[in-house]
Amino acid sequence: MARNKSLAQHLADDFAALQEAVLRRVNGTADAATLKTLADPGFAEPIAVALTHAYIRARGAVRRAELGPGPSDRLRPLRREARRLAAARGEAEAACGRVRGQAHAALSRPPERLDVRVTRAVLPSAYQDCLRTACADLGLPESVLSVPTGAAGAWAREHGALTGKVPAPVRELVECDDAAFVAALLRDAREEENGRLAHDAVVERWHRLASPALAWGRYAIAQAELRALARPPHARHGTLDALEDAYAGLAVLACRAREAKYLAFRLSCRIRRLASIGDLGAKITAAHVTAYALMAELRPEVISAVQEAVQAHQVGCADHPANCPRCHTALAGTLVLADPPKEAGQENVPPVAEDTDTASPLPEADDRYALLTDLPPGVRVVVADAALGEDSAVCGYGWAAEDGTTGLGISMAASSGEAEIIGICEAALSALHADDDAQVVVLCDSKQAVTCLHTALAEGSPDPAHRALLFPESRSLLERLLPHAGRVDVRWLKGHIGHELNETADTLANLALRRATGRIAERTARRAIDDAVRKLPNAPTVTAA
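### What about the side chain of Arg-256?
- Among the secondary structure elements, Arg-256 is positioned in helix α12 (residues 237–276).
- Of note is the side chain of Arg-256, whose polar atom sits 2.8 Å from the side chain of Asp-188.

### Topic: the pairing of strand β5 (residues 488–492)
- Most of β5 is tucked away, with four of its five residues classed as buried.
- Pairing analysis gives five bridges linking strand β4 (residues 440–444) to β5, with the strands arranged parallel. Across the sheet, residue Val-441 finds its bridge partner in β5, namely Asp-489.

### A few points about helix α10 (residues 178–190)
- With 13 residues, α10 should reach 18 Å at 1.5 Å per residue; the first-to-last C-alpha distance of 18 Å fits that figure.
- Among the residues of α10, Phe-181, Val-182, Ala-184, Leu-185, Leu-186, Asp-188 and Ala-189 are the ones counted as buried.
- Those residues of α10 that are buried are in contact with α9 (168–175), α11 (203–229) and α12.

### Thoughts on the side chain of Thr-52
- Positionally, Thr-52 belongs in helix α4 (residues 44–67).
- Residue classification places Thr-52 among the buried positions, given a relative accessible area of 4%.
- Those residues within four positions of Thr-52 in sequence are excluded, and the remaining contacts are Arg-89, Ala-254, Cys-255 and Arg-258.

### Looking at the confidence of the model for the chain
- In this model, the chain carries a mean pLDDT of 86, and residues with pLDDT of at least 70 account for 90%.
- Every residue in residues 338–359 scores below 50 in pLDDT, and together they form 16 contacts with partners more than four places removed in sequence or on other chains.
- When the criterion is pLDDT under 50, residues 364–370 qualifies, and its contacts beyond four places in sequence or with other chains add up to 10 contacts.

### Here's the deal with the nonpolar core
- In this structure, Val-118, Phe-181 and Ile-271 are the most contacted members of the largest nonpolar core, which totals 58 residues.
- Among the elements that line this core, the one with the most residues is helix α13 (residues 278–298), at seven residues.
- Here Ile-271 is in contact with Val-147, Ala-152, Gly-153, Trp-155, Ala-156 and Leu-162, once residues within four sequence places are set aside.
- Counting residues in each nonpolar core, the second largest holds 38 residues, with Tyr-397, Ala-419, Val-442 and Leu-478 among its members.

### Things to note about the environment of Gly-407
- On the secondary structure map, Gly-407 appears in strand β3 (residues 405–412).
- When its relative accessible area of 0% is taken as the criterion, Gly-407 is described as buried.
- Between the C-alpha atom of Gly-407 and that of Ala-509, which follows or precedes it by 102 residues, the distance is 9.1 Å.

How each quantity is defined
- Residues numbered from 1 in each chain as written.
- Predicted model: local features only at pLDDT ≥ 70, side-chain atom pairs only at ≥ 80, totals over all residues.
- Heavy atoms only, no water.
- Helix = DSSP H or I, 4+ residues; strand = E, 2+ residues; numbered from the N terminus.
- Polar contact = N/O pair within 3.5 Å; in protein donor to acceptor, adjacent residues only side chain to side chain.
- Buried < 20%, exposed > 50% of the residue type's maximum accessible area, 1.4 Å probe, protein only.
- Pairing = 2+ DSSP bridges.
- Expected span 1.5 Å × (residues − 1).
- Contact = heavy atoms within 4.5 Å.
- pLDDT = per-residue confidence, 0-100.
- Core = buried A, V, L, I, M, F, W, Y, C linked by side-chain atoms within 4.5 Å.

Okay, structure coming up:
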């Protein structure tokens, strides 16, 4: 350590030294000075980053040992170390949450007058109308009233809270599409750190797109894992090195994702502070004052009733000196007006008739058979399910049809939703291939996947599903299914209620994943598959992809 640097400064500047100190603390071997330094709340986020990196590398060491030719007993200490790091990382995450909560509380503006808050709770739509009118009278855009979640930087620049010219290299990141931005994140993690990502103009986008970048890190692990499993254990040395490298890349991606989250949080705090003070805060306050004055003109009887109730409440309220910060909702709920005025826009509006003819892929009924009551004879009914691992993008899918046929296989998925979509597409394509003229209904217990595919098939376009589908495997499947959109219906089935086809599909998906990742022997998997399929009422056949 340099003599002219304090321990805190040294740990802040040197990630390797920080991680070593954090691991010594986890192992109980850190000295008193290190423990005192790491206890500073300012180190909460760096500690979480260091433990995230160490935990993922530990997971990689476990996986390498699982796939390697060495004795199985060396797995125990590796797994024990991974569990200890997981627990330490959980504690660090909780500490970060407390620090962020304190920072957020420090930013909270003093509550508005209780009568204003009660009025807004009693007549929310009317108050919003008055706010819009107030903004128009004051020459303010309506967007000035609240800081949007996830886009605070753009909002602050639009309203002058953040100023300064955006450098050309940063502007390139602002203007490129999401795929190019994710590629920049991958280069940042694998080749050279990109300092421009921390700029106010792009940090929130970095935070938003860190998840797709992490998914591509898991994709690299999946590819290395499958290449290793394709060889006998004694010939896996090179592929296991590639797997270790993939885990190292995922560890860096995860660390950078945490940094992006923290930087985005700091930016949001800074902008919210700017929105409560100075010219911008004064404009927002003026809009609310004007809106309340308009409410007093338009609804004087409401304002009078609210003020009377507020005065009576504050007589005995222990929080009266703090302006009753939590009392407005309960007080609004007990306020009874003799003749409650209609909300703005509700006058003389006839009731809207329910559209009972519109089919929905997500019925409210929980009856597991209610979904099939409207099907004509001859329709092929298939239930699909999928399973996704923790670190790898390998997913398993399985399906089971009413005629007793079943299938299972593996693919790549960035999320459980994408895995479920793959399962649905594979099930539908298999059923279509079995009968060129049949209508096919695929049931799945994932509402997200059902809604996504239902929309894509209804529109005959992959666009509604592209946000949920990241990898080429799933996009290719959807492209193959779309020409048959008129013959395929996708519906939701409540899962884990004992439905035979759903339970079989779930079992097959998990077996496909475990077999593909080497966590179950081929012979054992084969027997388990046969046992699952044998329980179906019709004579089964199995299709393995």
